[in-house]
Amino acid sequence: MGSQLAPRVAVIGGGCAGLATAVRLTEAGIQTSLFESSHQLGGRARGITWQDTTLDNGQHILLGAYAQTLQLLRACGVDVESALLRLPLKLEIPGKFSLASQSSLPAPFHILVGLLQAQGLSLRERLAAVRFMASLRLKRFSLPKDIALQQLLANQPPRLISMLWEPLCLAALNTPITTASAQAFLNVLRDSFADKKSDSDLLLPRADLSTLIAEPAAKFIKSHGGKIYLNTAVESLRTLEHGIELQLKGERQDFSHVIIATSPFRVAGLLASLPGTDHIVSQCQSLQYQPIYTIYLQYSPEIALPQAMQGLTGKLGQWVFDRGQLYGQAGLLAIVISAEGKHQALTQSDLALKLHQELQTVFPVLLKTTPLWHKVIAEKRATFACTVAQERPGQATMYPAIQLAGDYVGTGNPLLDYPATIEGAIRSGFQAAKNIINSH
């Protein structure tokens, strides 16, 4: 370390970005304190308890391409091979569409041949998909100018869009294709399909996200000398001659650096007292949001689906997960609805009933049964809307000792910017920590 004064870092926010930052800093031997305003770490990626059952605040899937997520898990001692169910890419909408990567072939041929052999598409539709992927690869998945994904897909057959591209967009960007950033979508496609075959694997958590991410990260941080404060809101920041002062309830603490790893709509309150931050505050406030609904339906224990994860189309539900196969929670199904839609106008009970009726039309095993209970988790501001040419705040602020971290934070390079994912949050947290480590 080049500086004579050892850094003392405050991380504000205990979601994936904040946890990743603190893990990296404590790993490097840097004195770190993490402040979380709620009683629980993990942010949107956390477990909750309902009916004596552990659920996730939102049902997540990871991809083999999420290299830094896997890096974080391994650094925290998680046995990735047993904690995640790794499946070669298979997207199936029962009775309508099926796409499976060809595991005997190297990338990108594993996915190109998979597209050629996809079930439920005409030959013309399959060829259109292959030509589209091949043309993207030739262009290095780079656009001269960002456009709406729907515009990029203008020449793709409508059925192909509804069966493949639109579900992938909603899963990856949580933004409707009419407004979704085509470049951000291509960044995910590039990382998932263009390099290693394993990058396109689906990684389905076998434990709730608190158990998978937050708890191992907290244990690592504490074992490496870091401090974690729950139920501790940071009220404001003030610059000092050699650092930053945090105003907490009833006390103040001084630090050499501060990483703000909160949701973007909480940034304004923290920066309000600091002159010259108007532009960052404005950028954060200009972000729009999209919801994610996760609806849990508990059936009798003998109920099981043909696969752990299956798609739905032409319905309110988009993906259904059999948590019996993933978590050992027999008979429990989780249905995910990404982005805004008609479902938001329904009461939670009506939504649960509607989804049960939808599932009955797809899975005969559910025809003569009803759920024992349901739980609807509606995250109204689950992610920022990943829209065209969006101006995202950068990591740095005009104060060298203050940085931002989070899935919404831009890299300065549109080809590297990710949508609102666990991977995007962890990448940002790692980069914030790296910036501090390299500055000393």
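Worth saying up front: this structure is predicted, and the values here are computed from it rather than measured.

Draft legend 1. Layout of the sheet that holds strand S13 (residues 251-255). The sheet built from three strands is open, its strands ordered S11-S12-S13 with antiparallel pairing. Edge positions in the sheet fall to strand S11 (234-240) and S13, since each has one partner strand and no second. Averaged over all pairs of adjacent strands, the angle between strand axes in this sheet comes to 25°, irrespective of strand direction. Examined bridge by bridge, strand S12 (residues 243-248) and S13 share five bridges and lie antiparallel to one another. Its bridge partner being in S13, Leu 246 is matched across the sheet by Gln 253.

Draft legend 2. Looking closely at the side chain of Asp 201. By the secondary structure assignment, Asp 201 is in the loop between helix H8 (182-193) and strand S9 (202-205). Reaching out from Asp 201, the side chain makes a polar contact with the side chain of Arg 86 at a distance of 2.8 Å. Filtering out sequence-adjacent residues up to four positions away, Asp 201 remains in contact with Leu 62, Leu 63, Gly 64, Arg 86, Leu 87, Pro 88 and Leu 89.

Draft legend 3. Summary view of the pattern of salt bridges. Enumeration over the complete set of coordinates arrives at 12 salt bridges. When the shortest N-O distance is used, the salt bridge between Glu 81 and Arg 74 registers 3.4 Å. Judged by its relative accessible area of 45%, Arg 74 falls in the partly exposed class. A salt bridge links Asp 199 to Lys 196; the nearest nitrogen and oxygen atoms lie 3.5 Å apart. Of the residues examined, Asp 199 reaches a relative accessible area of 6% and is grouped as buried. Residues participating in the shared-partner salt-bridge network are Arg 190, Asp 191, Glu 423 and Arg 427.

Draft legend 4. Representation of a nonpolar patch on the surface. Together, Leu 116, Leu 123 and Leu 127 make up an exposed nonpolar region whose accessible area comes to about 240 Å². Tracing the backbone through its elements, the reader meets Leu 123 in helix H5 (residues 123-138). Leu 123 gets classed as exposed once you look at its relative accessible area, which sits at 52%.

Draft legend 5. Layout of the state of the cysteines. Summed over all chains, the structure comprises zero disulfides. Cys 284 takes part in no disulfide bond, and the closest cysteine sulfur to it belongs to Cys 386, at a distance of 15 Å.

Draft legend 6. The packing of aromatic side chains, seen in detail. Within this structure, the stated rule accounts for four aromatic pairs. Relative to Tyr 229, the ring of Phe 35 has its centre 5.0 Å away and its plane inclined at 10°; by these criteria the two rings are stacked. Here the residue Phe 35 occupies a position in strand S2 (residues 31-35), and Tyr 229 occupies one in strand S10 (residues 227-229), the gap between them amounting to 194 residues. Residue Phe 35 is classed as buried on the basis of its relative accessible area, which comes to 1%.

Draft legend 7. Focus on the side chain of Gln 283. Relative to the elements of secondary structure, Gln 283 occurs in helix H11 (residues 278-286). Under the relative-accessibility criterion, Gln 283 is labelled buried at 8%. At 2.9 Å, the side chain of Gln 283 and the side chain of Glu 391 are in polar contact. Excluding its chain neighbours within four sequence positions, the residues that come into contact with Gln 283 are Glu 391, Arg 392 and Pro 393.

Draft legend 8. Representation of H5 within the structure. Between the first and last C-alpha of H5 there are 22 Å, a value that for 16 residues agrees with the 22 Å anticipated at 1.5 Å per step. Considered for burial, the residues of H5 that qualify are Glu 125, Ala 128, Ala 129, Val 130, Phe 132, Met 133 and Leu 136. Elements that come into contact with the buried residues of H5 comprise helix H4 (109-116), helix H6 (149-152), helix H7 (158-173) and H8.

Draft legend 9. Representation of the sheet that holds strand S6 (residues 84-87) in the model. Strand order in the open sheet formed by three strands is S5-S9-S6, with antiparallel pairing between adjacent strands. Two strands bound the open sheet, and with one partner strand each, they are strand S5 (62-63) and S6. One ladder, built from two bridges, connects S5 with S9; its direction is antiparallel. Its bridge partner lying in S9, Leu 62 is registered against Leu 203.

Draft legend 10. Focus on H11. All of the buried residues in H11 are Ile 280, Val 281, Gln 283 and Cys 284. Along H11, the residues classed as buried sweep out an arc of 160° about the axis, all on the same side. Opposite the packed face of H11, turned more than 90 degrees from it, sit the exposed residues Asp 278 and Gln 285. Its buried side turned inward, H11 meets helix H10 (267-271), strand S15 (289-298) and strand S20 (402-404).

Draft legend 11. Expanded view of empty space enclosed by the protein. Counted under the stated rule, the structure contains three cavities of 30 Å³ or more. Of the pockets and cavities examined, the largest cavity occupies roughly 70 Å³. Lining the largest cavity are Leu 91, Glu 92, Ile 93, Phe 97, Met 163, Leu 164, Pro 167, Leu 168, Gly 311, Leu 312, Gln 318 and Trp 319. For the lining of the largest cavity, the elements supplying multiple residues, two or more each, are strand S7 (90-93) and H7. A total of four residues in the lining of the largest cavity trace back to one element, the largest contributor, which is H7. Here the residues of the lining of the largest cavity sort into nine nonpolar, two polar and one charged.

Conventions and cut-offs
- Residues numbered from 1 in each chain as written.
- Predicted model: local features only at pLDDT ≥ 70, side-chain atom pairs only at ≥ 80, totals over all residues.
- Heavy atoms only, no water.
- Pairing = 2+ DSSP bridges.
- Helix = DSSP H or I, 4+ residues; strand = E, 2+ residues; numbered from the N terminus.
- Axes fitted to C-alpha atoms, helices over the stretch in contact; angles between N-to-C directions.
- Polar contact = N/O pair within 3.5 Å; in protein donor to acceptor, adjacent residues only side chain to side chain.
- Contact = heavy atoms within 4.5 Å.
- Salt bridge = Lys/Arg side-chain N within 4 Å of Asp/Glu carboxyl O.
- Buried < 20%, exposed > 50% of the residue type's maximum accessible area, 1.4 Å probe, protein only.
- Patch = residues over 30% accessible without salt bridge, like charges linked within 9 Å, V, L, I, M, F, W, Y side chains within 5 Å.
- Areas by Shrake-Rupley, 256 points an atom, 1.4 Å probe, with all protein chains shown as cover.
- Disulfide = S-S within 2.5 Å.
- Phe/Tyr/Trp six-rings, centres within 6.5 Å; stacked < 30°, edge-to-face > 60°.
- Expected span 1.5 Å × (residues − 1).
- Arc of directions from axis to C-beta.
- 1 Å grid on protein atoms, 1.4 Å probe; cavity = no way out; pocket = protein on both sides within 12 Å on 5 of 7 lines; lining within 4 Å.
- Points joined across faces, edges and corners; volume = space filled by probe spheres on them.
- Nonpolar A, V, L, I, M, F, W, Y, C, P; charged D, E, K, R; others polar.

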